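A look at the structure
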Amino acid sequence: MEIVPTEGKDKILKLTQFSSRCLSDVHRKFLGDEETGKSLEGLWKAILDARNFLWWGKSFNELQTIKATLKGTPKTGSDELIRTFTLSCRFFFMCRWIIENIKILGKFKFLR
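All values reported here derive from a predicted model rather than from experimental measurement. (Residues numbered from 1 in each chain as written. Predicted model: local features only at pLDDT ≥ 70, side-chain atom pairs only at ≥ 80, totals over all residues. Heavy atoms only, no water.)

Side note on the packing of aromatic side chains
According to the stated counting rule, one finds three aromatic pairs in the structure shown. Arranged with centres 5.3 Å apart and planes meeting at 75°, the rings of Phe 91 and Phe 92 form a pair that is edge-to-face. The exposure class of Phe 92 is exposed, given its relative accessible area of 57%. Over the ring of Trp 55 we find Arg 96; its NZ or CZ atom is 5.5 Å from the centre of that ring. (Phe/Tyr/Trp six-rings, centres within 6.5 Å; stacked < 30°, edge-to-face > 60°. Buried < 20%, exposed > 50% of the residue type's maximum accessible area, 1.4 Å probe, protein only. Lys NZ or Arg CZ within 6 Å of the ring centre and 35° of its normal.)

This is how it looks when you write it as C-alpha cells:
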C-alpha cells in the first residue's frame, strides 16, 4: 500500500469538501431537504478544519525554502531577479501559513 503525500491528501479532502458544499446547496435550494443540507454543511465545514490542520507545517517548509535560496549565489542579473521573486513569493506564502495556523489555533481555543 502506497502512502499518499500531504499534498495528495489535501487535494482529496478539497474535492470532498467542495462536493459536500455543492450537495448541501442542491439539497437545500432545489430538493427542499433542509436536514440533509444541514448535515452536508457540517461535513464540509469539518473537512475545512481538517485541511487547516494539514497545513500546520507549511510555514516551516517555506522558511526552509527561503534559507536554501539565500545560500545560493546568483551568477547573472536574471538569476538575481529570479532569486528576488522566489524569496518574495516564499516570504508571503510563509506569512499566509502563519496566519492560517493562528486562525485554527484560535478557533479551537489553543490561543486566547
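A short note on the packing of helix H3 (residues 58–71) against helix H4 (residues 77–107)
At their nearest, the axes of H3 and H4 sit 8 Å apart, and the two run at 160° to each other. One finds that H3 runs roughly antiparallel with respect to H4. Regarding H3 and H4, the two cross each other, and that crossing is left-handed. Across from Lys 58, Ser 59, Glu 62, Leu 63, Thr 65, Ile 66, Thr 69 and Leu 70 in H3, the residues of H4 making contact are Arg 83, Thr 86, Leu 87, Arg 90, Phe 91, Phe 93, Met 94, Trp 97, Ile 98 and Asn 101. Of the residues in the contact of H3 with H4, the class split is nine nonpolar, five polar and four charged. (Axes fitted to C-alpha atoms, helices over the stretch in contact; angles between N-to-C directions. Helix = DSSP H or I, 4+ residues; strand = E, 2+ residues; numbered from the N terminus. Parallel < 35°, antiparallel > 145°, perpendicular 65-115°, else oblique. Left-handed = near helix turned anticlockwise from the far one by under 90°. Contact = heavy atoms within 4.5 Å. Nonpolar A, V, L, I, M, F, W, Y, C, P; charged D, E, K, R; others polar.)

Let's talk about helix H2 (residues 34–54)
With 21 residues, H2 should reach 30 Å at 1.5 Å per residue; the first-to-last C-alpha distance of 30 Å fits that figure. Listed as buried for H2 are Gly 37, Leu 40, Glu 41, Trp 44, Ile 47, Asp 49, Arg 51 and Asn 52. (Expected span 1.5 Å × (residues − 1).)

Side note on the pattern of salt bridges
Under the definition given, this model contains eight salt bridges. Of the charged contacts in the structure, one is a salt bridge between Glu 34 and Arg 28, with a shortest N-O distance of 3.0 Å. In this structure Arg 28 comes out as partly exposed when scored by relative accessible area, which is 26%. Asp 49 is the partner of Lys 107 in a salt bridge, and the nearest nitrogen-oxygen pair spans 2.7 Å. A residue pair is termed long-range when its members are at least 10 positions apart, and Lys 107 in helix H4 and Asp 49 in helix H2 qualify at 58 residues. With relative accessibility at 47%, the residue Lys 107 sits in the partly exposed group. The class for Asp 49 is buried, based on a relative accessible area of 13%. Each of Arg 28, Glu 34, Glu 41 and Lys 45 takes part in a single network of salt bridges with overlapping partners. (Salt bridge = Lys/Arg side-chain N within 4 Å of Asp/Glu carboxyl O.)

Any functional reading would require information beyond the geometric quantities listed.
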